[in-house]
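# Close look at the chain arrangement
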Amino acid sequence: VQLQASGGGLVQAGGSLRLSCAASGRAFSDYVMGWFRQAPGKEREFVAALTWNGGSTNYADSVKGRFTISRDNAKNTVYLQMNSLKPEDTAIYYCASRRLGVVLYEFWGQGTLVTVSS
């Protein structure tokens, strides 16, 4: 399994970015896809997740109403649309995946840096 994250960059507060996570190596119909982030000096934290087959989603309270996770089955890609960005959203964002029923995320992509200026 390979996960390739992209789409990070520098944006002003209030702006938007869309992150992409291209997945390859197997079929993901029985997987959960997640986004995590790690800010400087802080621990990695959960941001959002989506079940590939069914599309149910959940979000961290800090991003609810601002971020949207979605998927494109044809492209085997998961997206994280981030709106109304805040400086505290600055972090390295990682995509990850795990099989349904498995607690820990098993596969991780490289991070993509998001910097939100005030």
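See the structure above.
Let me sum up the structure you'll find in this document.

### Things to note about the overall build of the protein
For the protein, the helix and strand inventory stands at 0 helices and 11 strands. Its helices and strands taken in sequence order, the protein reads β-β-β-β-β-β-β-β-β-β-β from the N to the C terminus. By the compact-globule yardstick of 13 Å for 118 residues, the protein fits well, its C-alpha radius of gyration being 13 Å. Taken along its principal axes, the extent of the C-alpha atoms in the protein is 40 × 30 × 25 Å. Put simply, the protein has 118 residues, and 42% of those count as buried. Once local pairs closer than 6 in sequence are excluded, the contacts in the protein between residues at least 24 apart make up 53%. A total accessible area of about 6,100 Å² is found for the protein, and carbon and sulfur atoms account for 48% of it. Of note, the protein has its 12 positive side-chain charges centred 4 Å away from the centre of its 8 negative side-chain charges.

### Brief notes about the sheet that holds strand E3 (residues 17-24)
Ordered by their spatial adjacency, 4 strands build an open sheet running E1-E3-E8-E7, and the pairing between neighbours is antiparallel. The open sheet has two edge strands, strand E1 (2-6) and strand E7 (67-72), and neither has a second partner. Adjacent strand axes in the sheet meet at a mean angle of 15°, parallel and antiparallel pairs treated alike. Pairing of E3 with strand E8 (residues 77-82) involves 6 bridges; the strand directions are antiparallel. The residue of E8 that forms the bridge with Arg18 is Gln81.

### Some remarks on the pairing of E3
Pairing of E1 with E3 involves 5 bridges; the strand directions are antiparallel. Directly across from Leu3, in E3, lies its bridge partner Ala23.

### Some details on the pattern of salt bridges
Tallying each qualifying case throughout the model produces 6 salt bridges. Asp30 is the salt-bridge partner of Arg26, the closest N and O atoms lying 3.0 Å from each other. Taking relative accessible area as the criterion, Asp30 reaches 34% and is therefore assigned partly exposed. Put simply, Lys64 and Asp61 hold a salt bridge, and the shortest N to O gap is 3.2 Å. One network of salt bridges, with partners in common, ties together Arg37, Glu45, Arg66 and Asp89.

### A look at the environment of Tyr93
Tracing the chain through its elements places Tyr93 in strand E9 (residues 91-99). Since its relative accessible area comes to 0%, Tyr93 is described here as buried. Through-space distance from the C-alpha of Tyr93 to that of Gln38 is 6.6 Å; in sequence the pair is 55 residues apart. A distance of 2.9 Å separates polar atoms of two side chains, one belonging to Tyr93 and the other to Arg37. Within polar-contact distance, the side chain of Tyr93 engages the backbone oxygen of Asp89 at 2.7 Å.

Conventions adopted
- Note on numbering: residues in each chain are counted from 1, in written sequence order.
- Selection of residues for local features in this predicted model requires a pLDDT of at least 70, selection of side-chain atom pairs for listing and counting requires 80 or more, and totals for whole chains, interfaces and linings are taken over all residues.
- Computation of side-chain values covers all heavy atoms of the structure but excludes hydrogens and water.
- Helix and strand definitions follow DSSP, with helices as H or I runs of at least four residues and strands as E runs of at least two, each counted in order from the N terminus.
- In this description the radius of gyration comes from C-alpha coordinates, and the expected globular size is given by 2.2 Å times residues to the power 0.38.
- Here the term buried applies to any residue with accessible area under 20% of the maximum for its type, exposed to any over 50%, and partly exposed to those in between, with areas from a 1.4 Å probe on protein chains only.
- The contact definition used throughout considers only heavy atoms, calling two residues in contact when any of these lie within 4.5 Å.
- Here, Shrake-Rupley sampling with a 1.4 Å probe gives the accessible areas, and only protein chains in the shown set may cover a residue.
- His residues and chain termini do not enter the charge count, which takes Lys and Arg as positive and Asp and Glu as negative.
- The location of each charge is read from NZ of Lys, CZ of Arg, CG of Asp or CD of Glu.
- Criterion used throughout: strands pair if DSSP finds at least two bridges between them.
- Axis lines are fitted through C-alpha atoms, for helices just across the contact stretch, and the angle between N-to-C directions can take any value from 0 to 180 degrees.
- Salt bridge criterion: a side-chain nitrogen from Lys or Arg within 4 Å of a carboxyl oxygen from Asp or Glu.
- Side-chain atoms alone can form a polar contact between residues adjacent in sequence; in general such a contact is a pair of N or O atoms within 3.5 Å, and within protein one must be able to donate a hydrogen while the other accepts it.

Everything listed here is a matter of geometry and, on its own, says nothing about what the molecule does.
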